[in-house]
Amino acid sequence: MARTATYQQAINEALAQEMERDETVIVMGEDVAGGLGTDGERDAWGGPLGITKGLYGKYGDRVMDTPISESAFIGAAVGAATAGLRPVAELMFIDFMGVCFDQIFNQAAKFRYMFGGKAETPVVIRTMYGAGLRAAAQHSQCLYPVFTHIPGLKVVTPATPYDAKGLLIQAIRDNDPVIFCEHKALYTLEGDVPEEPYALPFGEANIVREGDDVSIVTLGRMVHVATEAADALSGDGIECEVVDLRTTSPMDEDTILETVENTGRLVVLDEAHPRCNMATDIAAMVCEKAFDSLKGPIKQVTAPHTPVPFADTLEDLYIPDAAAVQKAVKAVMESSK
Amino acid sequence: MQLSRDDLLTAYRIMRTIREFEERLHVEFATGDIPGFVHLYAGEEASGVGVCMHLDDRDRIASTHRGHGHCIAKGCDVDGMMAEIYGRRDGLCAGKGGSMHIADLDKGMMGANGIVGGGPPLICGAGLAAKQLGTGGVAIAFVGDGGSNQGTTFESLNLASVWNLPCIFVIENNGYAESTSSKWSIACDDAADRASGFNMPGVVVDGHDFFAVHEAAGEAIKRAREGAGPSLLECKLNRYYGHFEGDAQTYRGQDEVKKLRESRDCLALFRENVTSAGLLEGAELDAIDREALAQIDGAVTKAKTAPPPTAADLLTDVYVTY
Amino acid sequence: MSEGIRPICMPKWGLSMKEGKVAGWLVDEGDALAPGDEVIDIETEKISSAVEAADAGVLRRHVAQEGDVLPVGGLLGIVADEGVADGDIDAFVTDFQANFVPPEDDDEDSGPATETVEVAGRNIRYLTKGEGGTPAILIHGFGGDLNNWLFNHDALAARRVVHALDLPGHGSSAKDVGDGSVGFFADIVTGFADALGIEQAHLVGHSMGGAIALAVARAAPARVASITLIGSAGLGSDIDGDYLEGFIAAERRKDLKPHVEKLFSDPALVTRQLVNDLLAFKRIDGVTAALGTIREAFAPGGAQAEVMRDVAGSVPTLVIWGAGDRIIPASHADGLPDGVDCTVLDSQGHMVQMEAATEVNRLIDERLG
């Protein structure tokens, strides 16, 4: 029986086990230990939410606090990755990509191609994303579609503690740059997590729930929203198949096409803004490659085309919920009779 | 570091090779055979060579969009570079990078860079890796006067200092960021003045003078290798050609370049210095001149006849695995 | 009031089962039942199987209907003697439902927990059920774990203490498999018995676990009360080498599924969850290497390295095989030494102890006495 751990513990354990296994693995970021240069406690924070807490005590100088200089330290992680280290850099919020994106998409993502296949850049950028914590417009976005757009990057969005550990271990062992997106509302989620290290391959979607009526393809925190909706719909006699992408790049097109071929109906659920997100991407791909399998129009359930609002009443309206998914599933059923 | 006779010959040979490479590109680019843009380093050779003469394969450099000189100074294959600039399959980057992205990580050359200020953060990483892995290596970011105003450069100076990294930031101030004068765009008198704000030495040197660059870089590199942290070196120098080939340089004074070539040419200064001191014979240098010319002739001939990449190459080398 | 009324409840198959779904009743209300009759089909995320009658009686009530999802322990139906009044059954059901508390996720009492013991420097996970009698030790096969016995463990533990272990390289036990040979695993089983203070045990082995039981009987016959060999290795050199190789090499769901389907007579039993669980096991660091080491020692070049037919019968021996076993052929059950009890079950495959649990449990239970 697997032991139970939270998403947060799973991430910490993956980091610790990989640092133990491979001394070229280093962790860097703002306050990943904390307390540097103060009269107080060293390892005071372990990251703003304590995700990296305890690593400094075990691995000392391989856990590096940085100034608030995302361009410099994300770039340093990228440069170090070409020079023999396997850095795991923490970009505290995905929203902060705006101040360091060049180092990610013009440098890390392109080295291998620009240099004629002669570069490897095994860097991981861990970053927190998603709405739900009343963190407002600059600390709540789902920007993984932006990274997914860039050739050369791999993008990971674990939905469960088990996936978080296995995918992070894979990310660290992977020889390409990986953007590892952690949904901040999932850190306390508990689930079965083996104590031993294990790596989950990228590009393998997880079928979370089987059903023959409607496919709900989703990712990240929305996997749980989809499951909640599917459970409720089951009571109405509608059985949904819920597919968790796990990674948006590479993306498991085969599993998406298979589930659509099985059910003939598709709802795509994405917490990101509606334009050029995973929902549009998947809907377009399915239309192109499995149009004949569809019994009716695809429905997309996404956040609206607005910044993430602050007030709790507004943010609750902003985030796609199970009711919205149920409505979409029923609409798809209705339009495909 | 005392320069041996061989060192002097090597330094001259590399500077001359860069000069011939760039002068020839100036001619060839005008024929329309070379795709894209090229930014030529002619006139700045003493800087790249003066710094890189101290380096070996464990050391890393990051360059700028004006990167051919740094590549040659760091040991990149000249034939491979020329083929790359022509967009050939056997170019150093298989024809996928071009002039602005020439790199050879095995030689410690982390790439010319199309992004102004792109290199300094990467160099902090290379310095960090050298420090963590205990290689004894140093990492050097070449930055133009334009790049010296980028936030990435400021952040990197600070990070290198607080992490005490074996990094050197070489600002090659050729007076113009594209068409805008550095006298206007840099708020202080010398970019090197900024070093004090990051608690590191900042030195201004005459970038036309190989020996001045070599000496100042030697001190900074020694300091870095000994674990004493980063330094900033500002080389004041000039470029002979425009920001890119095709730039009419209407922003420059009349005869500005002509006068510089006559009075401040780094190769002429080097030759005068070593021959007047009796260190090398003029004939030896003449021989090198001829050999460099022949080498570049050969490189251009090979590049022009080399095959282009194939359609299959379009989709490869994006990822290690995907 | 509940005199003669016996509830049929949602079983707990395996440690992680929390609820099950009624796939369909196999007997109608009013039908007479004998012990061991299959009464109702239950589906879980991992596996489907039938609940069998524990006692004789009449199936008086279908409380749960097809499609219902019930927590472990939930009331499925009622068996009672013919004479019990309907009103008493109604009252029993009402009372049961009023007092039923589904087990909490973390409830310590929801079932026995696994334990760990150190054997030859390795942590070995095991699960113990039942008490008294001569202990039995259940030994799974290549790539399996103690959950392979989930339909057998409870039934066999009704009359004796039964330990199921994870062999090294498997389940949650240490991943160091030494030289990977059957002899190595036999020493582990003997060491396991030592660690638990077991003087003599019935060994029940499936597949490679059967070969291990044979090797223990060969090396330490005094420690072995009997051996039960199910779809067993060690009785001939044939084995599906492609299965072993494919099982090790498969990295993705699609690649693994066809190999796992070879294990069962009914491929529908290979649920996505079953495949996912196997993948999760295979993805743990060290597992693929361990399985590779075992394969090299156990079946180099696709043929079993150790044939121990002469050991069968040297201790009391029961052999059970599925006639349609695609991994190790049932023909290995032919011509075994005198005194070996042998049953070959028609239309069954390699995982006969799961797919024909009722019959297999009955055979073993009779044999162990």
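Engineer: Any chance you could explain the overall build of chain B here in plain terms?
Structural biologist: When its secondary structure is counted, chain B shows 11 helices and 7 strands. Taken along its principal axes, the extent of the C-alpha atoms in chain B is 60 × 50 × 40 Å. In chain B, the proportion of contacts linking residues at least 24 apart, taken out of those at least 6 apart, comes to 73%. Surface summary for chain B: the accessible area is close to 12500 Å², and the carbon and sulfur share equals 52%. Distance from the positive charge centre (30 side chains) to the negative charge centre (46 side chains) of chain B: 1 Å.

Engineer: Where do I start with the pattern of salt bridges in this structure?
Structural biologist: Pairing is possible between side chains of opposite charge, provided their charged atoms come close. The final tally for this structure, using the stated rule, is 64 salt bridges over all chains. A single salt-bridge network, built from bridges that share partners, covers B:R16, B:E20, B:R271, B:D286 and B:D289.

Engineer: Looking at this model, I keep getting lost on the environment of C:L59. Mind explaining?
Structural biologist: Residues and elements named next belong to chain C. For L59, the location among the structural elements is in strand β6 (residues 57-62). Since its relative accessible area comes to 0%, L59 is described here as buried. Each C-alpha atom, one on L59 and one on L156, is 24 Å from the other, the two residues being 97 residues apart in sequence. Discounting chain neighbours no more than four positions away, the residues touching L59 are I8, W25, V27, D28, E29, G30, D31, L33, V39, I78 and V79.

Engineer: What is the right way to read the side chain of A:T248 from this model?
Structural biologist: Residue and element names in this part refer to chain A. Mapped onto the secondary structure, T248 falls in strand β12 (residues 247-249). For T248, a relative accessible area of 4% translates into the label buried. Of the polar contacts made by the side chain of T248, one reaches the side chain of T148; its length is 2.7 Å. Contacts of T248, omitting those with residues within four sequence positions, involve Y144, T148, V155, T157, L219 and M278.

Engineer: It is not clear to me how the pairing of strand β3 (residues 167-173) of chain B should be interpreted in this structure. Could you clarify?
Structural biologist: Strand residues, when the strand is regular, have side chains that alternate between the two faces of the sheet. Residue and element names in this part refer to chain B. Most of β3 sits out of view: 7 of its 7 residues are buried. Burial along β3 is two-sided: the residues C167, F169, I171 and N173 and I168, V170 and E172 are all buried. Note: strand β2 (residues 139-144) against β3, 6 bridges, orientation parallel. Bridge pairing in β3 links F142 to V170. In this view, the connection linking β2 to its parallel neighbour β3 by way of helix α6 (residues 151-162) has right-handed handedness. Looking at chain direction, β3 and strand β7 (residues 231-236) are connected through 6 bridges and run parallel. Bridge pairing in β7 places I171 opposite E234.

Engineer: Can you help me understand the interface of chain A and chain C in this one?
Structural biologist: It is common to give the size of an interface as the accessible area lost on bringing the parts into contact. Opposite the 23 residues of chain A that make contact, chain C presents 18 residues. A combined buried area of about 1600 Å² lies between chain A and chain C, and 39% of that area is made up of carbon and sulfur atoms. Put simply, chain A and chain C have 5 salt bridges between them. As a salt-bridge pair, A:R173 and C:D285 come within 2.5 Å of each other at their nearest N and O atoms. Where chain A meets chain C, there are 10 residue pairs in polar contact (both at pLDDT 80 or more). Mapped onto the side of chain A that touches chain C, the elements with two or more residues apiece are α7 (161-173), β9 (206-209) and α9 (253-263) of chain A. With 3 residues, the single largest contributor to the side of chain A that touches chain C is α9(A). For the side of chain A that touches chain C, the residue count by class is 11 nonpolar, 3 polar and 9 charged.

Engineer: Explanation requested: the nonpolar core in the structure shown.
Structural biologist: Core analysis: the largest hydrophobic core is formed by 134 residues, its most contacted members being C:L76, C:L203 and C:I212. Of all hydrophobic cores here, the second largest spans 89 residues; its members include A:A76, A:I94, A:M285 and B:I186.

Engineer: How should I be thinking about the sheet that holds strand β5 (residues 48-52) of chain C in this particular structure?
Structural biologist: Two modes of strand pairing occur in sheets, parallel and antiparallel, and in both the strands are linked by backbone hydrogen bonds. Residues and elements named next belong to chain C. Pairing within the open sheet is antiparallel, and its 4 strands lie in the order β5-β4-β2-β7. Pairing within the sheet leaves two strands with one partner each, and these edge strands are β5 and β7 (69-71). Strand-to-strand twist of the sheet, defined as the mean angle between neighbouring strand axes without regard to direction, takes the value 40°. With 3 bridges connecting them, strand β2 (residues 19-25) and β7 associate as antiparallel partners. Opposite K21, over in β7, you have V69 as the bridge partner.

Engineer: Looking at this structure, I do not really get the interface of chain A and chain B. What am I missing?
Structural biologist: With 47 residues of chain A at the interface, the matching set in chain B holds 40 residues. Among the residues chain A hides against chain B, the three largest losses belong to A:Y113, A:M114 and A:F115. Together they make up 20% of the total. At the surface where chain A touches chain B, the tally comes to 0 salt bridges. In this assembly, chain A and chain B are joined by 19 residue pairs in polar contact (both at pLDDT 80 or more). Put simply, the parts of the chain that give the side of chain A that touches chain B at least two residues each are β2 (25-29), β3 (63-65), α3 (70-81), α4 (101-108) and α5 (111-114) of chain A. No other element matches α3(A), which puts 9 residues into the side of chain A that touches chain B. Its residues assigned to classes, the side of chain A that touches chain B comprises 20 nonpolar, 16 polar and 11 charged.

Engineer: Sorry if this is basic, but what is going on with the environment of B:A112 here?
Structural biologist: Residues and elements named next belong to chain B. Within the secondary structure, A112 sits in the loop between α4 (78-85) and α5 (119-133). Given a relative accessible area of 2%, A112 falls into the buried group. Taking the C-alpha atoms as reference points, A112 and A46, 66 residues apart in sequence, are found 18 Å from one another. Excluding its chain neighbours within four sequence positions, the residues that come into contact with A112 are S63, T64, G67, S99, M100, H101 and I102.

Engineer: Where do I start with the layout of surface pockets in this structure?
Structural biologist: Once rolled over the atoms, a probe with the size of a water molecule shows which space is left empty. All names here are of chain C. Looking at the second largest pocket, its volume works out to about 1000 Å³. Every element with two or more residues in the lining of the second largest pocket is listed here: β1 (5-9), β4 (38-43), β5, α2 (153-156), α9 (352-355) and α10 (357-368). Broken down by element, the residue count for the lining of the second largest pocket peaks at 6 residues, all from α10. Class assignment of the residues belonging to the lining of the second largest pocket gives a composition of 22 nonpolar, 6 polar and 13 charged. Each of domain 1 (5-99) and domain 2 (112-368) gives at least three residues to the lining of the second largest pocket.

Engineer: Please clarify how the packing of α3(A) against α6(B) should be interpreted in this entry.
Structural biologist: To characterise two packed helices, one gives the angle between the axes of the helices and the distance between these axes. Relative orientation of the contacting elements α3(A) and α6(B) amounts to 70°, with a least axis distance of 8 Å. With respect to their mutual orientation, α3(A) and α6(B) come out roughly perpendicular. From α3(A), A:E70, A:S71, A:A72, A:F73 and A:A76 reach across to α6(B), where they touch B:T152, B:E155, B:S156 and B:L159. Here the residues of the contact of α3(A) with α6(B) are counted per class, giving 4 nonpolar, 3 polar and 2 charged.

Engineer: How should I be thinking about helix α10 (residues 278-290) of chain A in this particular structure?
Structural biologist: Side chains three or four residues apart in an α-helix point the same way, a direct result of the helix having 3.6 residues per turn. Residue and element names in this part refer to chain A. Taking 1.5 Å per residue, 13 residues should reach 18 Å; α10 reaches 17 Å between its end C-alpha atoms and fits that length. Taken as a whole, α10 has its buried residues at M278, A279, I282, A283, M285, V286 and A290. Angular distribution of buried residues about the axis of α10 spans 165°; they occupy a single face of the element. Contacts from the buried residues of α10 go to α6 (144-148), β10 (214-218), β12, α9, β13 (266-270) and β14 (299-302). With a side-chain oxygen positioned 3.0 Å from the backbone nitrogen of A279, the residue opening α10 is N277.

Engineer: Looking at this structure, I do not really get the packing of aromatic side chains. What am I missing?
Structural biologist: Throughout the structure, instances matching the rule amount to 22 aromatic pairs over all chains. Between the aromatic rings of A:F111 and A:F115, the centroid separation amounts to 5.1 Å while the plane-to-plane angle is 15°, which identifies the pairing as stacked. As far as burial versus exposure is concerned, A:F111 and A:F115 are alike and both buried. A centroid spacing of 6.3 Å and a plane angle of 70° characterise the contact between B:F37 and B:F244, whose relative ring orientation is edge-to-face. Placement of B:F37 in the loop between α1 (5-30) and α2 (45-52) and of B:F244 in the loop between β7 and α9 (256-263) is noted, with a sequence separation of 207 residues between them. B:F37 sits in the exposed class, given a relative accessible area of 52%. Put simply, the rings of B:Y12, B:F210, B:F211 and B:F270 touch in pairs and so form one group of aromatic residues. If you follow A:R42 out to its NZ or CZ, it ends over the ring of A:Y56, 4.1 Å from the centre. We note C:K282 situated over the ring of C:F247; from NZ or CZ to the ring centre the distance is 5.5 Å.

Reading the values: the criteria
- Residue positions are given per chain, counted from 1 along the sequence in the order it is written.
- Here the convention is simple: chains get letters from A, ligands get numbers from 1, in the order in which they are written.
- Only residues with pLDDT of at least 70 get local features here, since the model is predicted, and only at 80 or more are side-chain atom pairs given and counted; chain-wide, interface and lining totals rely on the full set of residues.
- Excluding hydrogens and water, the side-chain values take into account all heavy atoms of the structure.
- A run of H or I in DSSP becomes a helix once it reaches four residues, and a run of E becomes a strand once it reaches two; helices and strands are each numbered from the N terminus.
- Between two residues, a contact is recorded if the distance between any of their heavy atoms is within 4.5 Å.
- Accessibility throughout is a Shrake-Rupley quantity obtained with a 1.4 Å probe, and a residue counts as covered only by protein chains that appear here.
- The positive count covers Lys and Arg only, the negative count covers Asp and Glu only, and His and the chain ends enter neither.
- Taken as the charge centre is NZ of Lys, CZ of Arg, CG of Asp or CD of Glu, depending on the residue.
- In the sections that follow, a salt bridge refers to a side-chain nitrogen of Lys or Arg positioned within 4 Å of a carboxyl oxygen of Asp or Glu.
- Burial classification: accessible surface area is computed with a 1.4 Å probe over protein chains only, and a residue below 20% of its type maximum counts as buried, one above 50% as exposed, and the rest as partly exposed.
- Polar contacts, as counted here, are pairs of nitrogen or oxygen atoms within 3.5 Å of one another; within protein the pair requires one atom able to donate a hydrogen and one able to accept it, and residues that are adjacent in sequence qualify only if both atoms are side-chain atoms.
- In this analysis, strands are considered paired if DSSP registers two or more bridges between them.
- For the handedness criterion, the strands are oriented away from the viewer, and a crossover whose path from the first strand over the helix to the second runs clockwise is classed as right-handed.
- Put simply, buried area is the surface a 1.4 Å probe can reach on two separate parts but cannot reach once they are joined, added for both.
- Throughout this entry, Asp, Glu, Lys and Arg are counted as charged residues, while Ala, Val, Leu, Ile, Met, Phe, Trp, Tyr, Cys and Pro are counted as nonpolar. The remaining residues, Gly among them, count as polar.
- By convention a nonpolar core is built from buried Ala, Val, Leu, Ile, Met, Phe, Trp, Tyr and Cys residues, the set being connected through side-chain atoms within 4.5 Å.
- Geometry is summarised by axes, namely lines fitted to C-alpha atoms with helices restricted to the contacting stretch, and by angles between N-to-C directions that run from 0 to 180 degrees.
- A pocket here means an open set of points on a 1 Å grid, computed over the protein atoms alone, that has protein on both sides within 12 Å along at least five of seven lines. A cavity is instead a set of points where a 1.4 Å probe fits but cannot get out; residues with an atom within 4 Å of a point line either one.
- Grid points are joined across faces, edges and corners, and a volume is the space filled by probe spheres set on the points.
- Note that the domain bounds were set by an automatic or database domain assignment.
- Oblique is the label for any angle not covered by the other classes, which are roughly parallel (under 35 degrees), roughly antiparallel (over 145) and roughly perpendicular (65 to 115).
- For a helix, the expected span equals 1.5 Å multiplied by the number of residues minus one.
- Read the arc as the range of directions from the helix axis to the C-beta atoms.
- Only rings of Phe, Tyr and Trp enter the pairing, Trp through its six-membered ring, and a pair is recorded when the two centres are within 6.5 Å. The plane angle decides the type: under 30 degrees is stacked, over 60 is edge-to-face, the rest tilted.
- We call a charge positioned above a ring when the Lys NZ or Arg CZ atom is no farther than 6 Å from the ring centre and deviates by at most 35 degrees from the ring normal.

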